[in-house]
Amino acid sequence: MPRTTRASLRITALLAVVALAVTGCAGTGAALAASAGGGVPRPTVSAPAPGPIDWAGCGPGLDCATVQVPLEYSDPDGEQIPLSVVRHRATDPDRRIGSLFINPGGPGVPASDMVRSIDPTGETGPFSPDVVARFDVVGMDPRGVGESDAVRCLTDEQRAEQAAEDRDPTIPGGTSFAQLVKDARTFAKGCATHQDRAYLASLSTDNVARDLDQVRAAIGEEQITFYGASYGTVVGPMYATLFPERVRQMVIDGPVDTDLWQNDPLRLLDDVARSNEETLDLWFETCRAEGVEVCPFGDGDPETAFDALIADLEREPLQVPPIEGLTPGGTLDGAMALEGVRAAAGVRTLWPQLTAGLLAAQQGNGAFLHFMVVNLTVAPFGGPFATTLQEPHTAVRCADWPALRNLGEHRAAAREIDARGERLGSRAAYSALSCAFWPAANKDRFTAELTGAGAPPILVVGGEVDNVSPYHWAQAMTERLEDAVLLTRTGVGHTSYRTSGPCIDSAVDAALIDRVLPAEGTVCEAVPAGTTRMPGDS
């Protein structure tokens, strides 16, 4: 059987990996807020101690519960909101260390889904056998996400309309500025109509960290161990900054630059656009280096073939029939194909499928690329394609970020991206435009620097090529945290744990279980990337 055919048959298993790579001592849960000048956090009003959590079995090894938390911690006795929590019990309870709280990122990816994906044996899934044995793995869906009253702003009809808009890959944002503004206004109006504005304003990461501490108290733990990926690396440092004494150990994987997140989101998105392009360029470089016998796409000139394919698909889109378990079918044009490529290029283990998918599209079969668009979301660029996560994703960003109401700033940022002539640049442009019309200002937005001062040393895991979190973000995170060690992974991929080989996995496990961090400057070699060869192929 040809390699590309065997690789295509393995896509279902690989996408399970991809989905994880595209999230007090007396139980008082003290609430904190930034000072008026955005400096050192200061205590405000303590939230009421939650009652003991009431777990109920909800699957093999799983317990589920709901925890009530204050809508606003400045009014702890006021309105309460429910948060969904799922726990995977430690498989070796006699050696149980405690609770491992996790956040898989997004923002908008439900932590409950990640917990439910755990393999009890630990042989596959997001955590190793030793971690699954020693910890209760706890996933709290952040407010506005998943089973914790997920934000919904658009009707099904409006989502379908926006997803079906004809996007032009040569135009920043994919369509006219007037249409982009119209869509953003529709989105914001829908949020104001279908959601309580006070709820929208409360969806900030500092509240998520406070919520985590309420769940910790309800479980009865004095300290937590924490693993956060992607946007979860904002949640982790926020928790460590607000509640340093309650951190047993923390690992953050594929980190965000928290300074950019808090203060300069347009530059943050520009950094991601550059990383997207860098990852695609590396796929081109690898394809050329392997030669046409290994990577036949483009006959030695994959860039030219790629550009021609995108142009052809834009002129004559492919009709993709429904394929049960793979794609509901639809139209694949150039803009959609670029989105599928963007998603696949950022995942090392999907490069063989990307090669096969591009070859198939040249021959009139767009199933793989369409599948990537429909099923895989790579933050931080939301809809119109990422309809499942777009609304909570945008809501959390707009609650966290400074006001972005100056349309001229959005246009200037888009022009800067467009001027670079990148293949994927149009996807990044105007991706924060909905925040310009956001109907729920977060008046006490947290602006203090996230240093984790007083927390134990934090392990930061950064990939040299990461299409979502560029490596210099990991370096910046390590410098910003008061006490942190950077572990570097070579090769391609967004996040590293359980996707990059035993070197990373052993280091992360040692940190989580034994609180032992690697030496400064440690570099782990990832499984080599190839455009047609899967890890383990001979």
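The structure presented is a predicted model; accordingly, all values stated were derived computationally and were not measured. (Residues numbered from 1 in each chain as written. Predicted model: local features only at pLDDT ≥ 70, side-chain atom pairs only at ≥ 80, totals over all residues. Heavy atoms only, no water.)

> Please provide a residue-by-residue account of the pairing of strand E3 (residues 56-59), values included.
In this sheet, strand E4 (residues 62-70) lies alongside E3 in antiparallel orientation, the contact comprising three bridges. Within E4, the position partnered with Ala-56 by the bridge is Cys-64. From the end of E3 to the start of E4, which pair antiparallel, there are two residues, and Gly-61 there has a positive phi angle of about 75 degrees. (Pairing = 2+ DSSP bridges. Helix = DSSP H or I, 4+ residues; strand = E, 2+ residues; numbered from the N terminus.)

> Hey, could you go over the pattern of salt bridges for me, with residue numbers and the actual values?
Inspection of every chain in the model, using the stated rule, returns 24 salt bridges. With a closest N to O distance of 2.7 Å, Asp-156 and Arg-159 form a salt bridge. With Asp-156 and Arg-159 both in helix H5 (residues 156-164) and three residues apart, the pair spans about one turn of that helix. For Arg-420, the salt bridge is made with Asp-270, and the minimal N-O distance between the two is 3.0 Å. With Arg-420 in the loop between helix H17 (407-419) and helix H18 (425-428) and Asp-270 in helix H11 (residues 265-290), this residue pair connects regions lying 150 residues apart in the sequence. By sharing partners, the salt bridges in this structure join Asp-270, Arg-274, Glu-416, Arg-420 and Glu-422 into a single network. (Salt bridge = Lys/Arg side-chain N within 4 Å of Asp/Glu carboxyl O.)

> Tell me what's going on with the packing of aromatic side chains, and back it up with residues and numbers.
Two numbers describe a pair of aromatic rings. These are the distance of the centres and the angle of the planes. Across all of its chains, the model carries eleven aromatic pairs by this definition. Between Tyr-231 and Trp-261 the ring centres are 5.5 Å apart and the planes differ by 45 degrees, which places this aromatic pair in the tilted class. Residue Tyr-231 is located in the loop between strand E8 (224-229) and helix H9 (232-242), and its partner Trp-261 is located in helix H10 (residues 258-263); the two are separated by 30 residues in the primary sequence. With relative accessibility at 4%, the residue Tyr-231 sits in the buried group. Take Trp-261: its relative accessible area is 4%, and that puts it in the buried class. Here a set of aromatic residues connected by ring pairs shows up, and it is made of Trp-283, Phe-284, Phe-297 and Phe-306. Seen from the ring of Phe-177, Arg-411 lies directly overhead, with NZ or CZ sitting 4.1 Å from the centre. (Phe/Tyr/Trp six-rings, centres within 6.5 Å; stacked < 30°, edge-to-face > 60°. Buried < 20%, exposed > 50% of the residue type's maximum accessible area, 1.4 Å probe, protein only. Lys NZ or Arg CZ within 6 Å of the ring centre and 35° of its normal.)

> Any details on the nonpolar core? Residues and values, ideally.
What tends to happen in soluble globular proteins is that the nonpolar side chains get buried as a cluster. Of all hydrophobic cores here, the largest spans 70 residues; its most connected members are Leu-200, Leu-268, Trp-401, Trp-438, Ile-458 and Val-460. The greatest single-element share of this core, amounting to six residues, is contributed by H9. Apart from the residues lying within four places of it in its own chain, the contact partners of Leu-200 are Val-151, Cys-191, Gln-195, Ala-395, Ala-399, Trp-438, Pro-439 and Ala-440. Among the nonpolar cores identified, the runner-up in size contains 37 residues, and Phe-297, Ala-344, Leu-354 and Leu-424 belong to it. (Core = buried A, V, L, I, M, F, W, Y, C linked by side-chain atoms within 4.5 Å. Contact = heavy atoms within 4.5 Å.)

> Please provide a residue-by-residue account of the environment of Ala-395, values included.
Turning to its location among the elements, Ala-395 is positioned in helix H16 (residues 390-400). Residue classification places Ala-395 among the buried residues on the basis of a relative accessible area of 0%. Each C-alpha atom of the pair Ala-395 and Pro-107 lies 8.9 Å from the other, and the pair is 288 residues apart in sequence. Contacts of Ala-395, omitting those with residues within four sequence positions, involve Val-151, Leu-200, Leu-203 and Trp-438.

> Describe the pairing of strand E6 (residues 98-103), listing the residues and the values that go with them.
Taken across its six residues, E6 has six buried, putting it largely inside the fold. Where E6 meets strand E7 (residues 135-140), five bridges bridge the pair, whose relative direction is parallel. Note on E7: the bridge partner recorded for Ser-99 is Asp-136. With four bridges connecting them, E6 and E8 associate as parallel partners. Looking at the pairing, Leu-100 lines up with Thr-225 of E8.

> Kindly report on the packing of helix H13 (residues 334-345) against helix H15 (residues 367-375), identifying the contributing residues and their values.
Packing of H13 against H15 leaves a shortest axis separation of 8 Å and a crossing angle of 75 degrees. Of the possible angle classes, the one that applies to H13 and H15 is roughly perpendicular. Contacts between H13 and H15 involve Met-336, Ala-337, Glu-339, Gly-340, Val-341, Ala-343 and Ala-344 from the former and Phe-368, Leu-369, His-370, Met-372 and Val-373 from the latter. Residue composition of the contact of H13 with H15, by class: nine nonpolar, two polar and one charged. (Axes fitted to C-alpha atoms, helices over the stretch in contact; angles between N-to-C directions. Parallel < 35°, antiparallel > 145°, perpendicular 65-115°, else oblique. Nonpolar A, V, L, I, M, F, W, Y, C, P; charged D, E, K, R; others polar.)

> Any details on helix H6 (residues 177-194)? Residues and values, ideally.
Along an α-helix, a turn takes 3.6 residues, which lines up residues three or four apart on a common side. The end-to-end C-alpha distance of H6, which contains 18 residues, comes to 26 Å, matching closely the 26 Å that a straight helix rising 1.5 Å per residue would cover. Looking only at H6, the buried set comprises Phe-177, Leu-180, Val-181, Asp-183, Ala-184, Phe-187, Ala-188, Gly-190 and Cys-191. (Expected span 1.5 Å × (residues − 1).)

> Please provide a residue-by-residue account of the sheet that holds strand E14 (residues 523-524), values included.
Sheet strands pair by backbone hydrogen bonding; their relative direction is either parallel or antiparallel. What the ten strands build is an open sheet, ordered E3-E4-E5-E7-E6-E8-E9-E12-E13-E14; its pairing is mixed. If you trace the sheet from one side to the other, it starts and ends with E3 and E14, each paired once. Taken together, the three bridges between strand E9 (residues 247-253) and strand E12 (residues 458-465) define a ladder with parallel strand orientation. Within the sheet, the bridge partner assigned to Val-251 lies in E12 and is Leu-459.

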